[in-house]
Amino acid sequence: MRPGKCVVRSRPPVGGPRPQALEVLFDPAVLRAGPQMIDAEGLTKTFGDLTAVDRVSLRVREGEVFGLLGPNGAGKTTTVRMLTSLISKSSGSATVAGCEVGNARDELRLRRQIGILPENVGLYEAASAYQNLEYFGRLQGLDAATLRGNIERLLRMMELWEKRDLPVGSYSKGMKQKVAIARALVHDPVLLFLDEPTANLDPEAAKTVRDFILELKRERRTIFLNTHHLDEAERICDRVGILRTRLLRVGSPEQLRAELWGNRTLVRFASVSEPLQAALRDRLAPRHLEWQGRTLLVEVRDAERENPEIAEAVLAAGGKLTELSALAPSLEDVYLKLIHEKEPGA
Amino acid sequence: MRLSQVWIVASHDLGLLRRRRSITAGLVGFPIAVAVGFPLLVDYLLHRSGAAIPSSLLGGLIDSFSFFFVIGAATIPVGIASYSIVGEKVEKSLEPLLATPTTDGEILLGKTLAALLPTILAVWAGATLFMILMDRVTSKTLGYLYFPNWEMAVILLALAPLVALFAVEASILISSRVSDVRSAQQLSALVFFPFVLLYVLGEIGVVPLDTTNLLYISGALALVVLGLFALSRETFQRDNILTRWQ
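I will try to describe carefully the structure that is included in this document.

## So, the overall build of chain B
Link 1 in the chain: Helix and strand counts for chain B stand at 11 helices and zero strands.
Link 2 in the chain: For chain B, the sequential pattern of α-helices and β-strands runs α-α-α-α-α-α-α-α-α-α-α.
Link 3 in the chain: Taken against the 2.2 N^0.38 rule, which gives 18 Å for 246 residues, the C-alpha radius of gyration of chain B at 20 Å falls within 12% of a compact globule.
Link 4 in the chain: Viewed in the frame of its principal axes, chain B has a C-alpha envelope of about 65 × 35 × 30 Å.
Link 5 in the chain: Every one of the 246 residues in chain B was classed for burial, and the buried ones make up 53%.
Link 6 in the chain: Counted over contacts in chain B with a minimum sequence separation of 6, partners at least 24 positions apart contribute 84%.
Link 7 in the chain: Accessible surface, chain B: about 11100 Å² in total, of which carbon and sulfur atoms supply 67%.
Link 8 in the chain: The centroid of the 16 positive side-chain charges in chain B is displaced by 9 Å from the centroid of its 16 negative side-chain charges.

## Comments concerning the overall build of chain A
Link 1 in the chain: The helix and strand tally for chain A stands at 13 helices and 14 strands.
Link 2 in the chain: A burial count over chain A gives 51% of its 346 residues as buried.
Link 3 in the chain: Expressed as a percentage of contacts within chain A between residues at least 6 apart in sequence, the contacts between residues at least 24 apart total 71%.
Link 4 in the chain: Taken as a whole, chain A presents about 15900 Å² of accessible surface, with 48% of it coming from carbon and sulfur.

## Comments concerning the pairing of strand 4 (residues 91-96) of chain A
Residue and element names in this part refer to chain A.
Link 1 in the chain: Where strand 1 (residues 36-47) meets strand 4, five bridges bridge the pair, whose relative direction is antiparallel. What sits directly across from Ile38, in strand 4, is Val96.
Link 2 in the chain: Bridge count for strand 4 against strand 5 (residues 99-100) is two bridges, and the pairing is antiparallel. Note that in strand 5 the partner of Thr95 across the bridge is Glu100.
Link 3 in the chain: Adjacent in sequence and paired antiparallel, strand 4 and strand 5 are bridged by two residues, among which Ala97 carries a positive phi angle near 50 degrees.

## Here's the deal with the sheet that holds strand 14 (residues 321-327) of chain A
Residues and elements named next belong to chain A.
Link 1 in the chain: Sheet architecture is open: four strands sit in the order 12-13-11-14, paired in antiparallel fashion. In this open sheet, the two edge strands, each paired with only one partner strand, are strand 12 (289-292) and strand 14. When the angles between neighbouring strand axes are averaged without regard to direction, this sheet yields 20 degrees.
Link 2 in the chain: Two elements, strand 12 and strand 13 (residues 295-300), share four bridges in a ladder whose sense is antiparallel. Each residue of the ladder has a partner; that of Glu290, found in strand 13, is Leu297.

## Remarks on the nonpolar core
Link 1 in the chain: Membership of the largest hydrophobic core comes to 107 residues, with the highest contact counts inside it found for Phe193 and Phe224 of chain A together with Phe130 of chain B.
Link 2 in the chain: Of the residues forming this core, the biggest block, 15 residues, is contributed by helix 7 (residues 150-175) of chain B.

## Focus on the packing of aromatic side chains
Link 1 in the chain: What the rule picks out here adds up to 16 aromatic pairs over all chains.
Link 2 in the chain: Pairing Tyr124 of chain A with Tyr135 of chain A gives two aromatic rings, centres 5.7 Å apart and planes at 65 degrees, and the pair type is edge-to-face. Of this pair, Tyr124 of chain A sits in the loop between strand 6 (114-117) and helix 5 (129-139) while Tyr135 of chain A sits in helix 5; the two residues are 11 residues apart in sequence, bridging distant segments of the chain.
Link 3 in the chain: Note on Tyr124 of chain A: relative accessible area 2%, which makes it buried.
Link 4 in the chain: Ring geometry for Tyr135 of chain A and Phe136 of chain A: centres 5.3 Å apart, planes at 65 degrees, overall edge-to-face.
Link 5 in the chain: You can call Tyr135 of chain A buried: its relative accessible area is 3%.
Link 6 in the chain: Aromatic rings pair up to connect Phe38, Phe65, Phe67, Phe68 and Tyr199 of chain B into one cluster.
Link 7 in the chain: Above the plane of the ring of Trp161 of chain A lies Arg164 of chain A, whose end atom (NZ or CZ) is 3.9 Å from the centre.
Link 8 in the chain: In this structure, Arg183 of chain A is placed above the aromatic ring of Phe136 of chain A, and the distance from its NZ or CZ to the ring centre is 5.2 Å.

## Things to note about helix 10 (residues 211-235) of chain B
Residue and element names in this part refer to chain B.
Link 1 in the chain: With 25 residues, helix 10 should reach 36 Å at 1.5 Å per residue; the first-to-last C-alpha distance of 35 Å fits that figure.
Link 2 in the chain: Along helix 10, the positions that sit buried rather than exposed are Leu214, Ile217, Ser218, Leu221, Val225, Leu228, Ser232 and Thr235.
Link 3 in the chain: Looking at the packing, one finds that the buried side of helix 10 touches helix 6 (104-142), helix 7, helix 9 (193-203) and helix 11 (238-243).

## Details of the interface of chain B and chain A
Link 1 in the chain: Counting residues at the interface gives 25 residues for chain B, matched by 27 residues for chain A.
Link 2 in the chain: At the boundary of chain B with chain A, total buried surface from both sides reaches about 2500 Å², with 61% on carbon and sulfur atoms.
Link 3 in the chain: Of all residues in chain B, Ile8, Glu95 and Pro101 of chain B bury the most surface against chain A, accounting for 22% of the area lost on that side.
Link 4 in the chain: Between Arg81 of chain A and Glu95 of chain B there is a salt bridge; the shortest N-O distance is 2.8 Å.
Link 5 in the chain: Summed over the shared surface of chain B and chain A, the number is seven residue pairs in polar contact (both at pLDDT 80 or more).
Link 6 in the chain: Secondary-structure elements contributing two or more residues to the side of chain B that touches chain A are helix 1 (3-18), helix 4 (68-91), helix 5 (94-98) and helix 11 of chain B.

## Re the environment of Pro148 of chain B
Link 1 in the chain: Looking at the element boundaries, Pro148 of chain B is found in the loop between helix 6 and helix 7.
Link 2 in the chain: Sequence-wise, Pro148 of chain B and Met131 of chain B are 17 residues apart; in three dimensions their C-alpha atoms are separated by 7.2 Å.

## Side note on the environment of Phe193 of chain B
Link 1 in the chain: Within the secondary structure, Phe193 of chain B sits in helix 9.
Link 2 in the chain: Note on Phe193 of chain B: relative accessible area 48%, which makes it partly exposed.

## Structural notes on the pattern of salt bridges
Residue and element names in this part refer to chain A.
Link 1 in the chain: All chains considered together, the criterion is met by 29 salt bridges over all chains.
Link 2 in the chain: Notably, a salt bridge pairs Glu152 with Arg156, separated by 2.9 Å at the nearest N-O pair. With Glu152 and Arg156 both in helix 6 (residues 144-157) and four residues apart, the pair spans about one turn of that helix.
Link 3 in the chain: For Glu152, a relative accessible area of 30% puts it in the partly exposed group.

## Side note on the packing of helix 5 of chain A against helix 6 of chain A
All names here are of chain A.
Link 1 in the chain: The interhelical angle for the contact between helix 5 and helix 6, taken along N-to-C directions, is 135 degrees, at an axis separation of 10 Å. One element, helix 5, and the other, helix 6, form an angle in the oblique class. As for how helix 5 packs across helix 6, the hand of that crossing is right-handed. Here Ala129, Tyr130, Leu133, Glu134, Gly137 and Arg138 of helix 5 come into contact with helix 6, specifically with Leu147, Arg148, Ile151 and Leu155.

Parameters and conventions
- Residues numbered from 1 in each chain as written.
- Chains lettered and ligands numbered in written order.
- Predicted model: local features only at pLDDT ≥ 70, side-chain atom pairs only at ≥ 80, totals over all residues.
- Heavy atoms only, no water.
- Helix = DSSP H or I, 4+ residues; strand = E, 2+ residues; numbered from the N terminus.
- Rg over C-alpha atoms; globule rule 2.2 N^0.38 Å.
- Buried < 20%, exposed > 50% of the residue type's maximum accessible area, 1.4 Å probe, protein only.
- Contact = heavy atoms within 4.5 Å.
- Areas by Shrake-Rupley, 256 points an atom, 1.4 Å probe, with all protein chains shown as cover.
- Lys, Arg positive; Asp, Glu negative; His and termini not counted.
- Charge placed at Lys NZ, Arg CZ, Asp CG, Glu CD.
- Pairing = 2+ DSSP bridges.
- Axes fitted to C-alpha atoms, helices over the stretch in contact; angles between N-to-C directions.
- Core = buried A, V, L, I, M, F, W, Y, C linked by side-chain atoms within 4.5 Å.
- Phe/Tyr/Trp six-rings, centres within 6.5 Å; stacked < 30°, edge-to-face > 60°.
- Lys NZ or Arg CZ within 6 Å of the ring centre and 35° of its normal.
- Expected span 1.5 Å × (residues − 1).
- Buried area = accessible area lost by both parts, 1.4 Å probe.
- Salt bridge = Lys/Arg side-chain N within 4 Å of Asp/Glu carboxyl O.
- Polar contact = N/O pair within 3.5 Å; in protein donor to acceptor, adjacent residues only side chain to side chain.
- Parallel < 35°, antiparallel > 145°, perpendicular 65-115°, else oblique.
- Left-handed = near helix turned anticlockwise from the far one by under 90°.

Here's what the structure looks like:
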């Protein structure tokens, strides 16, 4: 993809027939080989003395679902706004769908290729779902027949077709969120930015929205997802980036877990004594041990191979086992570790 | 600037405004009240009260009433423009709108048109009715038809549109600083004070509101409108809207 040239990629329409051999398309190797849909280098945004986003560099491949995780105020929304050319960047460079961010000539073409679900749904409450989608479809330059077809397909997918003429103000939060997602998709964009799509939704509505995002993922849509729901990111995203003004780490959830945490084995005892602790220190060396009351956490490289050795060591040291199990850290563990880590030099 | 995008924004806003009763009431109510109320008052004074109003005074009285269409042009668009911009802020719909392939200028012009067109149409319709009714009640006393005349032509074709544009641009600037429609309307209501002052100055003879002076006032207002337009363009930029607007 040449920088400065916006490229519209061919992809089945929303709700359209799914491509064959989907498992091949989702092969990580295929994803890695795909062209970049987002390529940002040193993206920075400052507001006066405050640096909201600091030298963020990231790449998102076509067909990938990328999650940006971070606490409130970490700069996730600002990053999306910069990538979508909604606000200017202070420094750095980025191309999105082949369009150069910040280049006035590319700005309108960029906005034709992306769909955005902002943090607040921002629907016209007095207008119906159909009118909301129609307005945005017209602004995207769709002809009347295509627009009608897209609206009907999306509203039927969202199970809102029967309620299309009711004012959006009368909808539940989940329904509004679905209309807002439909609005982001009405012009069939190649890249979708979703900013906290399940925030403030009840569990049922959140699941509906999540299932819909998974459906979009199956359609091989490129999605940039801002969230602080870690389980959501784990379930949906191919790769995640953890942002706290700076991009702290990028990788697949599995990669991050392995890289940052390693594997651990949990050993629970009926009772713990000083001699037992000392004996285990010797027998399990050089592994890192962490005592939490009657529970011992042992860092291991290969749980399957090492756990029998640990069990033997515990019994040999005279410990009374009540439980021994492999612990797989969650993305939440990884996230919290990174977020609470002190910055170098801090 | 693509006029098709401008019209999509304007027609959408006009559609939403139709659903707001307070807006449509003001849009229809004010011109009708002036167009019917003042001729009825003159009719009462001339034909029913028994008071003798000399023809020389009658012309001044009608001119004073005509100026109310200028005040209307300052008042009516304030409500529309406040809803059009602060309403979007309240519903948080500006961000998705700004994310469409529409330039800031196209959105601004669309919103300006949505406030301007109904105002001008309402003022023109009201003024037409006013002229017809006033001619009906005063033609016998005056011995000729008072309307149409040059004063009214300047008011309707130059001053009222400029005043409406002034009010819309001032409302846009005010809307960027407030976060609810009521505050926007209250602050924007101040827009009509200069024109009330002008009316008072006309009434006490300091600035006679004759054709020449109305043209001068229109020229000066055109310059102010140009300045405000530049300011509102500066204010209505997506970077500002998303990062600085309250």
